Amino acid sequence: MSVACGLECVFCVGFSRWAWKRCTHVGSDDSATWAAATPEEFEPVPRICRVILAVYEPDLRNPKVSPSIGKFDLNPDWVIKRVTYEKTKGRSPPYIVYVDHDHREIVLAIRGLNLAKESDYKILLNNKLGQKMLGGGYVHHGLLESAAWVLNQEWETLRELWEENGREYDLVFAGHSLGSGVAALMAVLVVNTPAMIGGVPRSKIRCFALAPARCMSLNLAVKYADVIFSVILQDDFLPRTATPLEDIFKSIFCLPCLLFLVCLRDTFIPEGRKLRDPRRLYAPGRIYHIVERKFCRCGRFPPEVRTAIPVDGRFEHIVLSSNATSDHAILWIERESEKALQELREKSAETVVTMAPKEKRMERLNTLEKEHKDALERAVSLNIPHAVSAAEDEQEEEVCNNAEASEPKSKKKNWDEVVEKLFHRSNSGELVLNENVDGTER
């Protein structure tokens with residue numbers, strides 16, 4: 001009897017400790033040790049949010065919803081193309097192609113999940129988790145298929161815009177929620193096959209994934225951290241949920257129940273086992289975490305932005321929060337990112353400047369590059385499947401560039417070869433993703 005009572009006490013104490021740790025885990029804990037972002041590197045985020053919001057507006061001159069700054073700072077005349085659900089025919093969420101001459105960017109922005117559209121669910125349901133490789137890692141099957149379809153439709157438009165603007169503009173892919181996964185995989189495709197967009201160098205390709213979906217394995221998430229930038233608002237549930245995306249959105253109306261069960265299950269999975277699972281998907285790239293709430297404190301505080309390229313502890317714990325779904329909304333992300341940018345600028349202005357702005361910018365670029373190399377080495381040291389060191393990554397990039405340079409100059413042929421590797425033609429003539437092809441592996 002005494003032994004049974006002792007075991008019961010141990011169990012109760014252990015469960016109480018677990019419950020306390022899980023219930024007191026807040027979103028800010030995930031980035032507690034990260035460095036603060038600079039206003040220069042975070043400056044594009046609110047602006048990109050507004051470009052994504054523009055996808056929802058049929059007429060930018062008479063918008064139905066106003067962003068936090070009161071109006072859209074986009075020029076409607078610079079919207080080159082607007083593609084709706086009727087034109088995508090369910091192969092992709094709607095998107096726009098926008099040329100921002102003020103910031104010298106060509107932006108392809110994709111909207112998030114539409115709960116009223118069956119076609120968006122079909123993209124999520126076409127998951128086949130861990131059965132499709134791309135560039136040396138695993139990716140979400142449906143999102144890759146959607147990304148390749150969009151590129152197949154728009155590669156000529158993007159190439160022409162880039163060449164018309166002197167081959168100097170940055171090529172930016174941006175998306176929210178479902179669209180973030182599509183945008184991230186588009187960036188990976190273009191980085192691996194730059195010739196299909198006229199030879200855009202890696203340094204001019206960027207992707208902003210807002211409220212990102214888990215769409216690629218850990219080695220790819222770290223490998224492309226110099227290209228893909230994920231933005232997460234405090235307690236957002238999606239980047240933290242390793243559950244297949246289709247299960248999440250099938251349970252969207254009972255999400256608190258799902259999050260609690262996932263939280264309970266993940267507690268008993270060792271961290272090392274998660275890291276060594278090559279088919280486990282993660283939020284892509286470098287992460288910017290906007291933090292605005294504190295534990296046991298009411299209300300919202302001036303937001304701060306933390307950034308890092310985490311390898312272990314990469315948003316692995318569900319946050320049991322009433323804001324888990326509201327923090328996923330693009331309107332809230334735009335509003336809080338704009339506030340955060342103003343806070344960063346004010347703090348930067350108060351800081352005593354000891355070096356010229358150009359030197360300061362170069363120092364930050366060197367720091368970002370070093371952080372990326374350190375993350376690659378960290379992934380190798382933890383035996384992450386398919387991870388490569390910084391030296392190996394540079395060699396692969398050089399081989400890729402040499403291969404692209406040695407190919408014939410026929411622009412059409414380059415893209416046709418990529419499509420041929422990734423797809424086959426069905427009887428109806430549509431492009432269908434191959435099941436056993438390793439994508440555009442270098």
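To be clear, the structure that these remarks concern was listed above.
Everything numeric in this text was worked out from a predicted model, so none of it was measured. (Residues numbered from 1 in each chain as written. Predicted model: local features only at pLDDT ≥ 70, side-chain atom pairs only at ≥ 80, totals over all residues. Heavy atoms only, no water.)

Asks: Explain the nonpolar core to me, please; I cannot follow it from the model alone.
Replies: As a rule of thumb, nonpolar side chains are buried together in soluble globular proteins. If you look at the biggest cluster of nonpolar residues, it comprises 60 residues, and the most contacted ones within it are Leu108, Leu158, Phe173, Met186, Met216 and Ile228. Judged by nonpolar contacts, the second largest core, of 34 residues, contains Ala54, Phe72, Leu210 and Ile333. (Core = buried A, V, L, I, M, F, W, Y, C linked by side-chain atoms within 4.5 Å. Buried < 20%, exposed > 50% of the residue type's maximum accessible area, 1.4 Å probe, protein only.)

Asks: Can you help me understand the side chain of aspartate 120 in this one?
Replies: Here aspartate 120 lies in helix 5 (residues 118-125). Despite its burial, aspartate 120 remains without a salt bridge, the nearest opposite charge being carried by arginine 111 at 5.2 Å. In terms of polar contacts, aspartate 120 uses its side chain to reach the side chain of tyrosine 85, at 2.9 Å. The residues touching aspartate 120, leaving out its near neighbours within four places in the chain, are Tyr85, Pro93, Gly112, Leu113, Asn114 and Leu178. (Helix = DSSP H or I, 4+ residues; strand = E, 2+ residues; numbered from the N terminus. Lys, Arg positive; Asp, Glu negative; His and termini not counted. Salt bridge = Lys/Arg side-chain N within 4 Å of Asp/Glu carboxyl O. Polar contact = N/O pair within 3.5 Å; in protein donor to acceptor, adjacent residues only side chain to side chain. Contact = heavy atoms within 4.5 Å.)

Asks: Is there a simple way to think about unusual backbone geometry in this case?
Replies: Glycine aside, residues mostly have negative phi angles, and peptide bonds mostly take the trans form. For alanine 211, which is not glycine, the phi torsion reads 50° and is therefore positive. Looking at the element boundaries, alanine 211 is found in the loop between strand 8 (205-210) and strand 9 (216-217). Its identity as a non-glycine residue notwithstanding, histidine 386 has a phi of 65°, on the positive side. With respect to the element layout, histidine 386 can be found in the loop between helix 13 (357-381) and helix 14 (390-406). Take histidine 386: its relative accessible area is 43%, and that puts it in the partly exposed class.

Asks: Help me understand the packing of helix 3 (residues 44-55) against helix 12 (residues 330-350) in this model?
Replies: Relative orientation and spacing of two packed helices are given, respectively, by the angle between their axes and the distance between those axes. Helix 12 packs onto helix 3 with a crossing angle of 155° between their chain directions and a minimal axis gap of 8 Å. Comparing their axes, helix 12 and helix 3 come out roughly antiparallel. Crossing geometry of helix 3 relative to helix 12 is assigned as left-handed. Together, Val45, Pro46, Cys49, Arg50, Ile52 and Leu53 of helix 3 and Ile330, Leu331, Ile333, Glu334, Ser337, Glu338 and Leu341 of helix 12 make up the contact between the two elements. Tallied by class, the residues present in the contact of helix 3 with helix 12 amount to 9 nonpolar, 1 polar and 3 charged. (Axes fitted to C-alpha atoms, helices over the stretch in contact; angles between N-to-C directions. Parallel < 35°, antiparallel > 145°, perpendicular 65-115°, else oblique. Left-handed = near helix turned anticlockwise from the far one by under 90°. Nonpolar A, V, L, I, M, F, W, Y, C, P; charged D, E, K, R; others polar.)

Asks: Which parts of the structure should I look at to understand the layout of surface pockets?
Replies: One simple way to see leftover space: roll a probe sized like a water molecule over the atoms. Computed from the structure, the largest pocket encloses a volume of approximately 1400 Å³. In terms of lining residues, the largest pocket is bounded by 45 residues, among which Glu41, Phe229, Arg364, Leu365 and Leu368 are the most central. For the lining of the largest pocket, the secondary-structure elements that each account for two or more residues are helix 2 (39-42), helix 3, strand 8, strand 12 (286-291), helix 12, helix 13 and helix 14. At 13 residues, helix 13 tops the list of elements feeding residues into the lining of the largest pocket. (1 Å grid on protein atoms, 1.4 Å probe; cavity = no way out; pocket = protein on both sides within 12 Å on 5 of 7 lines; lining within 4 Å. Points joined across faces, edges and corners; volume = space filled by probe spheres on them.)

Asks: Help me understand the packing of aromatic side chains in this model?
Replies: The description of an aromatic ring pair rests on the distance of the ring centres and on the angle between the ring planes. Taken as a whole and assessed by the stated rule, the structure comprises 5 aromatic pairs. With 6.5 Å between their ring centres and 45° between their planes, tryptophan 78 and tyrosine 98 make a pair best called tilted. Of this pair, tryptophan 78 sits in the loop between helix 3 and strand 2 (79-83) while tyrosine 98 sits in strand 3 (residues 95-100), and the two are 20 residues apart along the sequence. Centre to centre, the rings of phenylalanine 208 and phenylalanine 229 are 5.6 Å apart; their planes meet at 40°, and the pair counts as tilted. Taken as a pair, phenylalanine 208 in strand 8 and phenylalanine 229 in strand 10 (residues 228-233) lie far apart in primary sequence, 21 residues in all. Exposure remark for phenylalanine 208: the relative accessible area of 3% places this residue in the buried category. In textbook terms, an aromatic cluster arises when at least three aromatic residues are bridged by ring pairs, as seen for Phe42, Phe208, Phe229 and Tyr288. Taking the ring centre of tyrosine 85 as reference, the NZ or CZ of lysine 117 above it sits at 4.9 Å. (Phe/Tyr/Trp six-rings, centres within 6.5 Å; stacked < 30°, edge-to-face > 60°. Lys NZ or Arg CZ within 6 Å of the ring centre and 35° of its normal.)

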